[in-house]
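Architecture at a glance
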Amino acid sequence: MHDHPDHDTDLDPMDARTRALETLLVRKGLVDPGAIDVIVDTYQNRVGPQNGAQVVARAWTDPDFADALRRDATQTIADMGFAGRQAEHMQVLWNTPQVHNMVVCTLCSCYPWAVLGLPPVWYKSAPYRSRAVSEPRAVLAEFGVNLPVETQIEVWDSTAEVRYLVIPMRPEGTEGWSEADLAALVTRDAMIGTDLARAPEADA
Amino acid sequence: MHDHPDHDTDLDPMDARTRALETLLVRKGLVDPGAIDVIVDTYQNRVGPQNGAQVVARAWTDPDFADALRRDATQTIADMGFAGRQAEHMQVLWNTPQVHNMVVCTLCSCYPWAVLGLPPVWYKSAPYRSRAVSEPRAVLAEFGVNLPVETQIEVWDSTAEVRYLVIPMRPEGTEGWSEADLAALVTRDAMIGTDLARAPEADA
Amino acid sequence: MNGPHDLGGRDGFGPVIPETDEPVFHADWEGRALGVTLCSGALGHWSLDESRHARESLAPATYLTASYYEIWLRALETLLLRHGEVTETELQSGEPDTAPRHAHRQLKADAVLDVLRKGGPVDRPEVTEAAFAIGSRVRMRPDRIPGHTRIPGYAKGKAGTVTGIRGVHVFPDTNAHGQGENPQWLYAVRFDGTELWGAGAEPGTAVTLDVFEPYITAL
Amino acid sequence: MNGPHDLGGRDGFGPVIPETDEPVFHADWEGRALGVTLCSGALGHWSLDESRHARESLAPATYLTASYYEIWLRALETLLLRHGEVTETELQSGEPDTAPRHAHRQLKADAVLDVLRKGGPVDRPEVTEAAFAIGSRVRMRPDRIPGHTRIPGYAKGKAGTVTGIRGVHVFPDTNAHGQGENPQWLYAVRFDGTELWGAGAEPGTAVTLDVFEPYITAL
């Protein structure tokens, strides 16, 4: 798949093809264009990595919540309001100094939509999907994450409907921080496992 | 790879690209265009499946030759004048009522040039290369060759520099035929193993 | 099937290139393609498994050159054709000339948020005993499977350890082909890097897959 | 490497479509591409193994959409660049602006037939004992191999039987990377269809590969 999608919609034959199909289905009464508007708005503006970042920040600060995540991640995350499509069966993965977790879907693009929004292009791309399982350390290095060889790398290939959320390690020097301030350190990629949570000094 | 190559050279950017490279190398003194002419003439007009068909016809009629083929196919075929590039290490495969042999190169397009000429597009195509090893009976059926389940199918994947020539079964009703008449029954595909030798009644 | 989608462990695709400040959609049509795919799915003709199979059944040259939403849209056309909601003629002309089938199931704008919130859980009642337990050593089936399956090629025939039991989930291998949900126990099975990649494995790596019970046998 | 060329057993490519009365070349440029490839090879910079590796290292999307001679020509450009016979600027402009390196090895028209007739045998003296004999049971290495290799993915880790001993041949895995001919015993190893494809095998089928000694271990 293209790593560099064509941003010029005017020249993109897919634009015409998509419009034509939508128009046909609307005229046949099969699709409500307003429903598409709501779907686009939802994933463009409402659901995104900020959801998952709140889960991570609370997991860092609230041991009872962390325990609940371990027992039933789906329900616990749903109770924060992040539930539904592509997050029906959640598991959380806890990074430690000994173990780094990293998520991929080699067969398609499975991703916890309700918790992280839609996946980035690189996550759906052939380079990531092919190499995350066979050379995860090399892939992490390309993301600037160089882990010591003593750190075990655990890759999770989402081959069924289970969706994974990585809980990165809480950065040093964040004792006493609020959940909101902590959440700002949690990048999308850290929750996929291709990044670490940001250090406080790097937080503008 | 394309199964249906574009026959319209005027529109083919590869035409310009190939000309440009040839011209550059000729001007640099690295390539003699006359050498390319000889190569093209050789494979277009001089070397082809008619070579292999002669080998097969002689193998059918001359037991000593057949024995020699079994002992040293490379030298025996070379002695008929069919030697050199992409036929340096020949093996022959004998079809019988019990065993049908079929040749593929899943990794590229290895083929006994000096004996059969250049390979057809289908031999180099992804459909053949992918399926000849995993579903040879289905592939044979697409070539119109339906063998009984009792016939063992032996597929040879040319993964090194050994090149294979299938000796198809001699058709019934050809007793006493000359080598030249017999050779006319031996199709290219029969020597790859995706066809049988033609029956006399089908020989126009 | 071991199609173009089955990318795990394949070489030659080059580096991963993340995009800085990547937008959710790179063009308006991507959002529309997503929306029309979800709305069409709501018509109830096909399962998520069938739609995945439609995507992975695209010609490999198409799959590997198309953007992801192009893959979705092409597969959606296939599904709509297969289930009789559009005809080739309609796709060519853009003009409706056949009656819709499931217009009564049209997803209305005001129902979208509720539908997204509910999602489509695939867990089913646990009416059988799980054949494997945490710690069980198992081997992934080595079989060539012509239809839809969620066994990646790189794990075929490999030995691993059950590390999680996920419950009983809809079985994609049958559900994708309209042969029923056929629910099966689902396990997390962990494969050591050296089991998967031999001497070519990076040190200290492992891959865990979600694996349906019919995919594995006891070691 | 397990690149786009490693097609054996991959699904989704559709039927084999033979062409009736197929010409040797479908366009003039195909013959020229073949010729310029052979003439360039005669310059002596690279081995057949290196040229194969250049082809299989093309981007998968290119490899699977290009015609075969396009693959050859693109790989040839790579090889000529790598070995300093052309520059990117020269390829863009078509104008020579650097000195040739191996012009003294230019293949002349009147030498072509002799060169083709001689070919390039890769058998070498048998100075070691073969480790395996006809009938030996062996297993193909399961390893991920980032560089050039002639182990197809579908045979990795599979068990087979030695059915032929071909002599000692140049080893592609080193030769492709300019690391020497490193000759190795070459065997025919036969794998039963059920070993390769499990329950998905067609009945009564087997595949024999030409296998270098370092590719296999005793079973």
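Structure: see above.
Within every chain, residues take consecutive numbers counted from 1 along the sequence as written. Key to labels: chains lettered from A, ligands numbered from 1, both in the order written. In keeping with the model being predicted, local features are shown solely for residues with a pLDDT of at least 70 and side-chain atom pairs are shown and tallied solely at 80 or more, while totals for entire chains, interfaces and linings include all residues. In computing side-chain values, all of the structure's heavy atoms are included and hydrogens and water are not.

1. Observations regarding the overall build of chain C
So the rule is basically this: Note on conventions: DSSP H or I runs of at least 4 residues are helices, E runs of at least 2 residues are strands, and numbering of each starts at the N terminus. Note on classification: 1.4 Å probe, protein chains only; a residue is buried when its accessible area is under 20% of the maximum for its type, exposed when over 50%, partly exposed between these limits. Contacts: residue pairs with any heavy atoms within 4.5 Å of one another. Two residue types count as positive, namely Lys and Arg, and two as negative, namely Asp and Glu; His and chain ends fall outside the count. Where a charge lies is defined by one atom per residue type, namely NZ (Lys), CZ (Arg), CG (Asp) and CD (Glu).
When its secondary structure is counted, chain C shows 8 helices and 6 strands. Listed N to C, the secondary structure of chain C is α-α-α-α-α-α-β-β-β-α-β-α-β-β in terms of helices and strands. Viewed in the frame of its principal axes, chain C has a C-alpha envelope of about 55 × 45 × 35 Å. Sorting the 219 residues of chain C into buried and exposed places 57% on the buried side. Within chain C, residue pairs in contact and separated by at least 24 positions form 64% of the contacts whose partners lie at least 6 positions apart. Distance from the positive charge centre (21 side chains) to the negative charge centre (30 side chains) of chain C: 5 Å.

2. As for the pairing of strand 4 (residues 163-167) of chain B
With respect to burial, strand 4 of chain B is a largely interior element, 5 of its 5 residues being buried. Where burial is concerned, the two faces of strand 4 of chain B agree: the one with Arg163(B), Leu165(B) and Ile167(B) and the one with Tyr164(B) and Val166(B) are both buried.

3. So, the packing of aromatic side chains
Residue and element names in this part refer to chain A. Using the following cut-off: Aromatic rings from Phe, Tyr and Trp, with only the six-membered ring used for Trp, were paired whenever their centres fell within 6.5 Å, and each pair was classed as stacked if the ring planes differed by under 30 degrees, edge-to-face if by over 60, and tilted otherwise.
For the structure shown, the criterion picks out 32 aromatic pairs over all chains. Relative to Phe-143, the ring of Trp-122 lies with its centre 4.7 Å away and its plane at 65 degrees, an arrangement referred to as edge-to-face. Taken together, the positions of Trp-122 in helix 7 (residues 121-124) and Phe-143 in the loop between helix 9 (136-142) and strand 3 (152-157) put the pair 21 residues apart, joining distant regions of the chain. Of the two residues, Trp-122 and Phe-143, both sit in the buried class.

4. As for the interface of chain B and chain D
Note the cut-off: Buried area: the accessible surface (1.4 Å probe) lost by two parts on joining, summed over both. Counted as salt bridges are all cases of a side-chain nitrogen of Lys or Arg within 4 Å of a carboxyl oxygen of Asp or Glu. Think of a polar contact as two N or O atoms within 3.5 Å of one another; within protein, one of them needs to be a possible hydrogen donor and the other a possible acceptor, and neighboring residues in sequence only count if both atoms come from side chains.
If you look at the interface, chain B gives 81 residues, while chain D gives 94 residues. Counting each side, the surface lost to burial between chain B and chain D is near 7,800 Å², with a carbon and sulfur contribution of 61%. Counting the contacts that link chain B with chain D gives 7 salt bridges. Taking the shortest distance from any N to any O, the salt bridge between Arg32(D) and Glu22(B) comes out at 2.7 Å. Counting across the chain B and chain D interface gives 41 residue pairs in polar contact (both at pLDDT 80 or more). Residue assignment for the side of chain B that touches chain D shows that the elements contributing at least two residues are helix 1 (13-27), helix 2 (33-46), helix 7 (121-124), helix 8 (126-134), helix 9 (136-142), strand 3 (152-157) and strand 4 of chain B. Among the elements that make up the side of chain B that touches chain D, the one with the highest residue count is helix 2 of chain B (11 residues).

5. Some details on the packing of helix 2 (residues 33-46) of chain A against helix 1 (residues 28-41) of chain C
Which entries qualify depends on this criterion: Think of each axis as a best-fit line through the C-alpha atoms, taken over the contacting stretch in the case of a helix, with angles from 0 to 180 degrees between the N-to-C directions. Roughly parallel means an angle under 35 degrees; roughly antiparallel means over 145; roughly perpendicular covers 65 to 115; every other angle is labelled oblique. Crossing chirality is assigned from the near helix's rotation relative to the far helix, an anticlockwise turn below a right angle marking it left-handed and a clockwise turn marking it right-handed.
The N-to-C vectors of helix 2 of chain A and helix 1 of chain C enclose an angle of 120 degrees; their axes lie 8 Å apart at closest approach. Relative to helix 1 of chain C, helix 2 of chain A is oriented oblique. Remark: the crossing between helix 2 of chain A and helix 1 of chain C carries right-handed chirality. Touching Pro33(A), Ala35(A), Ile36(A), Asp37(A), Ile39(A), Val40(A) and Tyr43(A) of helix 2 of chain A are Gly31(C), Arg32(C), Leu34(C), Gly35(C), Val36(C), Leu38(C) and Cys39(C), all from helix 1 of chain C.

6. Overview of the environment of Phe191(C)
All names here are of chain C. As for its placement among the helices and strands, Phe-191 is situated in strand 4 (residues 184-192). Sequence separation between Phe-191 and Ala-206 is 15 residues; the distance between their C-alpha atoms is 5.6 Å. The contact partners of Phe-191, leaving out residues within four places of it in the chain, are Met-140, Lys-158, Ala-159, Gly-160, Leu-196, Ala-206, Val-207 and Leu-209.

7. Some points on the environment of Phe82(A)
Residue and element names in this part refer to chain A. The residue Phe-82 is located in the loop between helix 5 (73-78) and strand 1 (89-94) in this model. Spatially, the C-alpha atoms of Phe-82 and Pro-127 are 30 Å apart, while their sequence positions differ by 45 residues. Not counting residues within four places of it along the chain, the set of residues in contact with Phe-82 comprises Asn-51, Gln-54, Val-55, Ile-77 and Ala-114.

8. Some thoughts on helix 4 (residues 68-82) of chain C
Residue and element names in this part refer to chain C. We count it as follows: To estimate how far a helix should reach, multiply one less than its number of residues by 1.5 Å.
Taking 1.5 Å of rise per residue, 15 residues should cover 21 Å, and helix 4 covers 21 Å from first to last C-alpha, within 8% of that figure. Within helix 4, 11 of the 15 residues are buried, which leaves the element mostly enclosed by the surrounding structure. Turning to helix 4, its buried residues are Tyr-68, Tyr-69, Glu-70, Ile-71, Trp-72, Leu-73, Ala-75, Leu-76, Glu-77, Leu-79 and Leu-80. Directly beyond the C-terminal end of helix 4, a positive phi value near 75 degrees is found at Gly-84.

9. Brief notes about unusual backbone geometry
One non-glycine residue with positive phi stands out, namely Gln86(A), at about 60 degrees. Note that Gln86(A) resides in the loop between helix 5 and strand 1.

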